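Remarks on the overall topology
These are the residues of each chain, in order.
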Amino acid sequence: QVQLVESGGGLVQPGGSLRLSCAASGSIFSINLMGWYRQSPGKERELVAAVSSGGATNYADSAKDRFTISRDNAKNTVYLQMNSLKVEDTAVYYCRAYIRSGTYFSNYWGQGTQVTVSS
């Protein structure tokens, strides 16, 4: 069984920073794409940033120049460094990964971590 466990969320003032982590565990042969999504009340879940196994990255326009996604393949972990946080970044942040634990790759989601930006 594969699990994704996120950590690092919390309450921060506007302009502050947070670093989210997501660790994959279980029977893992390989991990392809890893990414961060977010969902705020009344809105659909949206991509924030993604990183391939080779390190290529993709960011939502709202995250460019403020957020940095990275991964440690040896630890099966993906990170999201968030700087210059804004009130509108408030959301539940979810980790997503395409993981091969058997013959095929499957899509996995973490349980989510709350990020609240407020003064």
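Anyway, here's the lowdown on the structure attached to this text.

1. Observations regarding the packing of aromatic side chains
Counted under the stated rule, the structure contains two aromatic pairs. Measuring from ring centre to ring centre gives 5.0 Å for Y37 and W109, while their planes differ by 65°; the resulting arrangement is edge-to-face. Of this pair, Y37 sits in strand β4 (residues 30-39) while W109 is found in strand β10 (residues 105-109), placing the two residues 72 residues apart along the sequence. Judged by relative accessible area, which is 17%, Y37 ranks as buried. Arranged with centres 6.5 Å apart and planes meeting at 85°, the rings of Y94 and W109 form a pair that is edge-to-face. One end of the pair, Y94, is in strand β9 (residues 91-100); the other, W109, is in strand β10, with 15 residues separating them in the sequence. Accessibility expressed as a relative area gives 14% for Y94, which makes it buried.

2. Brief notes about the pairing of strand β3 (residues 18-25)
Here strand β1 (residues 3-7) runs beside β3; their pairing, made up of five bridges, is antiparallel. Bridge pairing links E6 to C22 in β3. Here six bridges tie β3 to strand β8 (residues 77-82), and the two strands are oriented antiparallel to one another. Within the sheet, the bridge partner assigned to R19 lies in β8 and is Q81.

Conventions used here
Residues numbered from 1 in each chain as written. Predicted model: local features only at pLDDT ≥ 70, side-chain atom pairs only at ≥ 80, totals over all residues. Heavy atoms only, no water. Phe/Tyr/Trp six-rings, centres within 6.5 Å; stacked < 30°, edge-to-face > 60°. Helix = DSSP H or I, 4+ residues; strand = E, 2+ residues; numbered from the N terminus. Buried < 20%, exposed > 50% of the residue type's maximum accessible area, 1.4 Å probe, protein only. Pairing = 2+ DSSP bridges.

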